[in-house]
Amino acid sequence: MASRFRSREALTGYAFVLPAVALFAIMGLYTVGYGLALSFARWNGFTPTWTWVGLGNYLDLIYRDPAIAPVVQGAALRTLVVMIAVPVLTVLVSFPLAAALNHITRLRSTFRTVFFLPQVTAGIALFYAWTYALQPDGSLNYILRHLGLGSIAQPQGWLGNPGTALPTLIVVMVLGSVPVAMLLYLTGLQSIDQSVLDAAKVDGAGGLRAMTSIIWPLLLPITGAVVMLNLRFALQDFQTFLLMTNGGPGGHTLVLGLESYNLAFVSGFKPTLGLSSALGWILFVVALLLAALNLRLLRSRA
Amino acid sequence: MGTKWCGGRVLAVVAALAMVTTACGGGTGSGDGTTLSMWTFKQTHVKALEAAAAKFKARTGITVNVSAYTPDDTFTSKVQSAAASHNVADVLEVHAAGEDRVLGGAGITSDLAGDVNDQYKSRFLKGTADTGLITDQVYQDSLKPKSTDPGVQKGQLLSIPFTAGTFGVIYANKDLLTAAGIDPGKAPASWQELISWLAATHAKDAQNGGITIGLKSSSTGLDWAMEPLAFALLGPQAFHDLYGADKSKAWGSANGQKVLEQYNQLTPYWTPGTQTLGIDDADRAFAQGKAAFDIGGTFTISAIQQNGMDPAKILSFPIPAPEGSVAKDFKLAPFALTGLAVSAQTPHRDAALKWLDFLTQPEQAGAFAQSALDLPGTDLGANAEKLVGPYLSSMEAAFGAGDSAWNPGDSTFKGSTWDIQVAGDILVKMSPLKELDPAATNQQLAVYNNSVHSGQ
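Residues numbered from 1 in each chain as written. Chains lettered and ligands numbered in written order. Predicted model: local features only at pLDDT ≥ 70, side-chain atom pairs only at ≥ 80, totals over all residues.

Caption draft 1: Structural context of the packing of helix H11 (residues 254–263) of chain B against helix H18 (residues 438–454) of chain B. Residue and element names in this part refer to chain B. Contact geometry for H11 and H18: axes closest at 9 Å, N-to-C directions at 130°. By the angle class used here, H11 and H18 are oblique. Like other packed secondary-structure pairs, H11 and H18 cross with a definite hand, here right-handed. Residue-level contacts link Gly256, Gln257, Leu260 and Glu261 of H11 to Pro438, Ala439, Thr441, Asn442 and Leu445 of H18. A breakdown of the residues in the contact of H11 with H18 according to their chemical character gives four nonpolar, four polar and one charged. (Axes fitted to C-alpha atoms, helices over the stretch in contact; angles between N-to-C directions. Helix = DSSP H or I, 4+ residues; strand = E, 2+ residues; numbered from the N terminus. Parallel < 35°, antiparallel > 145°, perpendicular 65-115°, else oblique. Left-handed = near helix turned anticlockwise from the far one by under 90°. Contact = placed C-beta atoms within 7 Å. Nonpolar A, V, L, I, M, F, W, Y, C, P; charged D, E, K, R; others polar.)

Caption draft 2: The arrangement of the nonpolar core in detail. Ranked by size, the top nonpolar core spans 186 residues in total, and within it A:Tyr185, B:Val91, B:Ile211, B:Leu229, B:Ala230 and B:Trp355 carry the most contacts. Looking at this core element by element, the count peaks at 12 residues for helix H7 (residues 162–191) of chain A. Those residues in contact with B:Ala230 that sit more than four places away from it in its chain are B:Phe239, B:Leu242 and B:Val259. (Core = buried A, V, L, I, M, F, W, Y, C linked by C-beta atoms within 7 Å. Buried ≥ 20, exposed ≤ 12 C-beta atoms within 10 Å, placed from the backbone.)

Caption draft 3: Seen up close, the domain arrangement of chain A. Domain annotation of chain A identifies domain 1 (2–38) and domain 2 (58–301). The distance between the C-alpha centroids of domain 1 of chain A and domain 2 of chain A comes to 36 Å. (Domains from an automatic or database assignment.)

Caption draft 4: Local environment of the interface of chain B and chain A. In this assembly, 37 residues from chain B lie in contact with 29 residues from chain A. Within the residue set of the side of chain B that touches chain A, elements represented by two or more residues are helix H3 (72–84), helix H4 (99–105), helix H17 (420–430) and H18 of chain B. Looking at which element gives the most residues to the side of chain B that touches chain A, the answer is H3(B), with five residues. Broken down by class, the residue content of the side of chain B that touches chain A amounts to 13 nonpolar, 17 polar and seven charged.

Caption draft 5: Representation of unusual backbone geometry in the model. That bond from A:Gly248 to A:Pro249 is cis: its omega, 0°, falls within 30 degrees of zero. Residue position: A:Pro249 is located in the loop between helix H11 (239–244) and helix H12 (256–265). Here B:Thr70 and B:Pro71 are connected by a cis peptide whose omega angle stands at -10°. For B:Pro71, the position within the fold is in the loop between strand S2 (63–68) and H3. Although it is not a glycine, B:His86 sits at a positive phi angle of roughly 50°. Residue placement: B:His86 occurs in the loop between H3 and strand S3 (91–95).

So, in structure tokens, the structure goes:
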């Protein structure tokens, strides 16, 4: 009797779970499987059949196709720069910002709202606003010139100079990432047991010592999460690059995410959807390895 | 309680209506036998097409519902997904000499060769009628492994011209020309004279006296400016050879160097930041007086006008041939920019063909051009000025044909995997970025061209 009740209960449970599982199977597993299969094929998105090429797409991307591989290699290098710069700068900006906000008592919520505003503004609006501000006659150059810093201003615009285009995009990405990272750090800071800090103070630790020897180590898991989130963002982001520079000028801001998009949708109907999918899977594997590495580092610290 | 039930019933009715409406809107795409659906990737064409559809309904009783999916990549993915679910619109406005072949080769759109005879074709601008035709050259290219249009068959006609035009048209601001001491009454006679004009307008106003183009899409510098210049300078055969496999004549050769040195003369005169501007941004900058010259195509005039510039203040002319050019009497050949294709899945093929016929009749094509500010593929003949106004008709008058005419729609002499974006990036590194000189640019284009030929 009891076992019949248990199995009926289990069936009810399965019935409740089934819609979600079915949805995941269709929207998740099917598309993932489809994408994986596509990475082994040549297809332009229209013909009824695919041409199977085995690992050809992966080899073409990495070294074999002399027309594509150099472009991908250049994009990989720029992606690496972004992957290092964005997480590091995000931590360097958001942690002190959160610590400062944690210290002040007046206007804390006002400042928190101000710093979080970019996060609630639609990305596309932000990108366009930045693009206008960064033009040769944009507000950034205008401000610099009126502050007597005209020598720093960029006559070709901050996105038009090959030397400043990628660093500028990195800064835009970092400013977009700081709000969430700051909020995570703020949450972490507010959850630190005050008695630990008091004990440190009694032992003679100053503000800097407490920060470096107590607060920072205690917040390492949050730093790990911030780094991980931004690594993924830096690896897979393409919309920032598409909307602000389209990979230009002269390909100087072409990254792997944008190249994958270009191969899928802007290839002049060439049969490169499989290449795009293969590039997507390469990015996925890299992201997975980085996540595993991050997890291992965090565990060893713990 | 009663109120709750009433609310519930209303909600149920609204939900049911919504479901019915959704089912109608997203159903087979071809309606009930007298309703056609048409998709375009050009938002600017929608109003003009809807006006045409109203006239068409009054004449034939057939309804046409027009939808736009923009930008181009959104349209592409819409057609891809609709084709997979057999839900493509009955009629498509597609990129001619490219997308029409891809869709036709995939069996998504149908062959119009049996429906469009020579008399039908005679209504189109000279040189554009066969843009959607699968010639022997196109068919042979389609057999290559990485071809863009596998599946096409020789003799198929996969689209008919809808709008036409050409690249390589320069627009100049007459007021800025006058201010720089240049007579805006006639176009420059040569490339050298154009450069001297640029020097004058730039000297007058370095910030706003330059030339612009939407180099955020780096291919524009290549195929809107450099290629017509190269064609004029070298003549058709040597121009085609630049993209061939013979290294003594292709990029990297003396001919390539000659072309790049001429093109590099533009470098001092680009408006600041032109490499960050999209195509629309560049046209807007010109219309706002932030550039004295704008390079585009015949279609650019509508964008400039929409941005508020009076056409009377514009001098337009084809990219002028350099002195000593091989192509004498250099002209720009018109080609079909967009074409009309009929779905292979439509159950209303006859109605769709009637719609195509209606849209491409001179009277209707003129009305479309007036409304959409776009040049139709239909030859408007002597009525051009009356139908489309003086500016668009003057563009039509500037077209040419034959050996001296550069046809940007013909890419059959390039390697099938040639990517104008990659080549455009190399050119941008020379001009305006000045990272490469003409020799290094020539070398990089040679490496890329060789890689295209070896990777096919």
